[in-house]
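So the chains spell out like this:
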Amino acid sequence: MRIARGDGRPTVRPIWVVVVDGAAYVRSYLGERGLWYRWARAEGRAERGVEGEDVPVALVPVSDDALQARISDAYHAKYGRHSPGPTEAMVTPPVVATTLRLEPADG
């Protein structure tokens with residue numbers, strides 16, 4: 001994910017993405033301490049690499065508990081077998097609280 005720093009320079013961070021009901025979701029592994037997450041929340045937008053192109057996205061916080069549980073299930077299904085420790089971190093309450101939905105950016 002490409003996010004603009006406070007000074008406008010871009011930074012790129014690998015982010016685990018899962019899809020639930022056709023929508024893409026991300027979480028900050030470090031919870032609210034994650035620098036990319038703080039920048040993303042401040043900007044409300046980022047760019048996501050898709051098939052070699054940077055696609056602008058809006059970042060929308062998710063608070064629905066039932067949806068959060070389904071997103072956690074998606075993290076387990078996608079990453080759990082190959083990265084069990086990091087996957088467990090991605091479903092802890094402080095990390096779940098950072099869930100963002102990626103939506104097409106306006107304009």
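Look up: the structure comes first, before these words.
This text gives an overview of the structure that appears in the document.

1. Let's talk about the nonpolar core
Counting residues in each nonpolar core, the largest one holds 13 residues, and the members touching the most others are Val-18, Val-20, Tyr-25, Val-62, Leu-67, Ile-71 and Tyr-75. Counting residues per element, the ones that place at least two in this core are strand E3 (17-20), strand E4 (23-26) and helix H2 (65-79). Here this core takes five residues from H2, the largest share from any one element. Dropping the residues within four chain positions of it, Val-18 is found in contact with Ala-23, Ala-24, Tyr-25, Ile-71, Ala-74, Tyr-75, Lys-78 and Tyr-79. Grouped together as the second largest cluster of nonpolar side chains are twelve residues, Ile-15, Val-17, Ala-46 and Leu-59 included.

2. Structural notes on helix H1 (residues 35-43)
Buried within H1 are the following residues: Trp-36, Tyr-37, Trp-39 and Ala-40. Viewed along the axis of H1, the buried residues span an arc of 165°, placing them on a single side of the element. With its phi angle positive at about 75°, Gly-44 sits one or two positions after the end of H1.

What counts and what doesn't
Residues numbered from 1 in each chain as written. Predicted model: local features only at pLDDT ≥ 70, side-chain atom pairs only at ≥ 80, totals over all residues. Heavy atoms only, no water. Core = buried A, V, L, I, M, F, W, Y, C linked by side-chain atoms within 4.5 Å. Buried < 20%, exposed > 50% of the residue type's maximum accessible area, 1.4 Å probe, protein only. Helix = DSSP H or I, 4+ residues; strand = E, 2+ residues; numbered from the N terminus. Contact = heavy atoms within 4.5 Å. Arc of directions from axis to C-beta.

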